[in-house]
Amino acid sequence: MTKTTKIIAALGVVAGIGVAALPISSFAASTQDVTVRVTIGSSIAVGVDQDTTEVTMSPNQTDTSTLKTKVTVTTNNAAGYQLQVKDKDTDTGLKSGTNVIPAAASLSAGTAGWNVKGGDKVFASGAAITAADQLVMEADTPPAASGAIANMTYGVATATNQASGTYTDIITYTATAK
């Protein structure tokens, strides 16, 4: 064998050993990506600590602290929520038969009226309930897991000649995902 033939033979052996040393998988590899996707639906709930609140009063009085409801909104909606309240029907007064304590923005003993106070929007300083939704509070992010809380109070003033009876009205809280 000539020197050139020996060199070519040696290089062939080295190349063969190098190829043999490579893992087999480098010759037979294929890859495929997989996307794992989980969609979490939006959920929202509103709850109250009590569905009836009541007080006993006499004529010519005002009570702005006894009637209370704690309203809690929970949601996982990334865009947040709105909490609104309205009278359940078009009659916004507290009624006892034909006797009425009307919805009123401000209250004073001797003049019949009732209002709602709480949240950080329309009712922050107290306002008359209406038959249309009114904003109580809102946020652009979901609340903590324990929920967002609005401590609502219902103020009542009675007239000097307020007729006896049990006066009632129903209001509705609605939580909406943004």
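Residues numbered from 1 in each chain as written. Predicted model: local features only at pLDDT ≥ 70, side-chain atom pairs only at ≥ 80, totals over all residues. Heavy atoms only, no water.

Comments concerning the side chain of D63
Moving on, step 1. Tracing the chain through its elements places D63 in strand β2 (residues 62-75).
Moving on, step 2. Side chain to side chain, D63 and T66 meet in a polar contact 2.7 Å long.
Moving on, step 3. With sequence-adjacent residues up to four places away left out, D63 is seen in contact with V55, M57, Y154, G155 and V156. (Helix = DSSP H or I, 4+ residues; strand = E, 2+ residues; numbered from the N terminus. Polar contact = N/O pair within 3.5 Å; in protein donor to acceptor, adjacent residues only side chain to side chain. Contact = heavy atoms within 4.5 Å.)

A few points about the pattern of salt bridges
Moving on, step 1. Tallying each qualifying case throughout the model produces 4 salt bridges.
Moving on, step 2. Where D91 meets K95, a salt bridge forms, and the shortest distance between an N and an O atom there is 3.2 Å.
Moving on, step 3. Across the pair D140 and K178 runs a salt bridge whose closest N-O atoms are separated by 2.4 Å. Of the two residues, D140 is situated in the loop between β7 (134-139) and β8 (148-157) and K178 in the segment after β9 (171-177); the sequence distance between them amounts to 38 residues.
Moving on, step 4. Using a relative accessible area of 56% as the deciding quantity, one classes D140 as exposed.
Moving on, step 5. For K178, a relative accessible area of 38% translates into the label partly exposed.
Moving on, step 6. Put simply, K121, E138, D140 and K178 are held in one network by salt bridges that share partners. (Salt bridge = Lys/Arg side-chain N within 4 Å of Asp/Glu carboxyl O. Buried < 20%, exposed > 50% of the residue type's maximum accessible area, 1.4 Å probe, protein only.)

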